[in-house]
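Each chain, letter by letter, is given below.
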Amino acid sequence: ILVIDFFFARCPSICPGLATSMRKLQQSFSNSRDSIVQFISISVDPERDSVPELRKFANRFTSNHDSWWFVTGD
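Here's what I pulled together on the structure shown here. Just so we're clear, the structure is a prediction, and the values are computed from it rather than from any experiment.

## With respect to the overall build of the chain
- Within the chain one finds 2 helices and 3 strands.
- Relative to the compact-globule value of 11 Å for 74 residues, the chain shows a C-alpha radius of gyration of 12 Å, a close match.
- Residue burial in the chain is summarised as follows: out of 74 residues, 34% are buried.
- Taking as baseline every contact in the chain between residues at least 6 positions apart, the subset at least 24 positions apart corresponds to 69%.
- Total accessible area computed for the chain in this model is approximately 5,000 Å², and 55% of it derives from carbon and sulfur atoms.
- Of the side chains in the chain, 8 bear a positive and 8 a negative charge, and the two mean positions are spaced by 9 Å.

## Some points on the pattern of salt bridges
- In the structure shown here, the tally under the stated rule is 2 salt bridges.
- For Arg48, the salt bridge identified is with Asp45, shortest N-O distance 3.7 Å.
- Two residues, Glu53 and Lys56, come together in a salt bridge whose shortest N-O distance is 3.3 Å. Of this pair, Glu53 and Lys56 both sit in helix 2 (residues 51–61), 3 residues apart, which is roughly one turn of that helix.
- Classification of Lys56 by relative accessible area gives exposed; the value is 51%.

## Details of the pairing of strand 3 (residues 68–71)
- In strand 3, alternate side chains face the same way, and those of Trp68 and Phe70 are buried while those of Trp69 and Val71 on the opposite face are not.
- Read as a crossover between parallel neighbours, the route from strand 2 (residues 38–43) over helix 2 to strand 3 is right-handed.

## Some words on the nonpolar core
- If you look at the biggest cluster of nonpolar residues, it comprises 15 residues, and the most contacted ones within it are Phe7, Phe39, Phe57, Trp68 and Phe70.
- Mapped by element, the contributors of at least two residues to this core are strand 1 (2–7), helix 1 (14–28), helix 2 and strand 3.
- In terms of residue count, the dominant contributor to this core is helix 2 (4 residues).
- Residues in contact with Phe7, not counting those within four places in the same chain, are Cys15, Ser41, Ile42, Ser43, Val44, Asp49, Leu54, Phe57 and Phe70.

## Quick look at the sheet that holds strand 3
- A sheet is described by the order of its strands in space; here 3 strands give the open sequence 1-2-3, paired in parallel fashion. A single partner strand is all that each edge strand has here, and the edge strands are strand 1 and strand 3. Mean inter-strand twist for the sheet, computed between neighbouring axes without regard to direction, equals 20°.
- Bridge analysis of strand 2 against strand 3 gives 4 bridges, and the strand direction is parallel. Across the sheet, Ser41 pairs through a bridge with Phe70, a residue of strand 3.
- Along the sheet face, helix 1 touches strand 1, strand 2 and strand 3 and points at about 165° away from the line of strand 1.
- Helix 2 contacts strand 1, strand 2 and strand 3 of the sheet and is inclined by roughly 150° relative to strand 3.

Parameters and conventions
Residues numbered from 1 in each chain as written. Predicted model: local features only at pLDDT ≥ 70, side-chain atom pairs only at ≥ 80, totals over all residues. Heavy atoms only, no water. Helix = DSSP H or I, 4+ residues; strand = E, 2+ residues; numbered from the N terminus. Rg over C-alpha atoms; globule rule 2.2 N^0.38 Å. Buried < 20%, exposed > 50% of the residue type's maximum accessible area, 1.4 Å probe, protein only. Contact = heavy atoms within 4.5 Å. Areas by Shrake-Rupley, 256 points an atom, 1.4 Å probe, with all protein chains shown as cover. Lys, Arg positive; Asp, Glu negative; His and termini not counted. Charge placed at Lys NZ, Arg CZ, Asp CG, Glu CD. Salt bridge = Lys/Arg side-chain N within 4 Å of Asp/Glu carboxyl O. Right-handed = clockwise from strand over helix to strand, strands pointing away. Core = buried A, V, L, I, M, F, W, Y, C linked by side-chain atoms within 4.5 Å. Pairing = 2+ DSSP bridges. Axes fitted to C-alpha atoms, helices over the stretch in contact; angles between N-to-C directions.

So, in structure tokens, the structure goes:
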């Protein structure tokens, strides 16, 4: 099961709230060792959302990077 959202790290309004909701959902599946639920947050601002920026944003919302991926691309 994939839970996918779209965001950008400099978003001041909706994105942090969405990430908080994703964190709660991720935590609800944390008891399952081999959870089939994976989370993917896709940046819509690839020019500014470098890997270090994504990591900084990700660290604000999760400590479990094994099931929640923050990605960007062209």
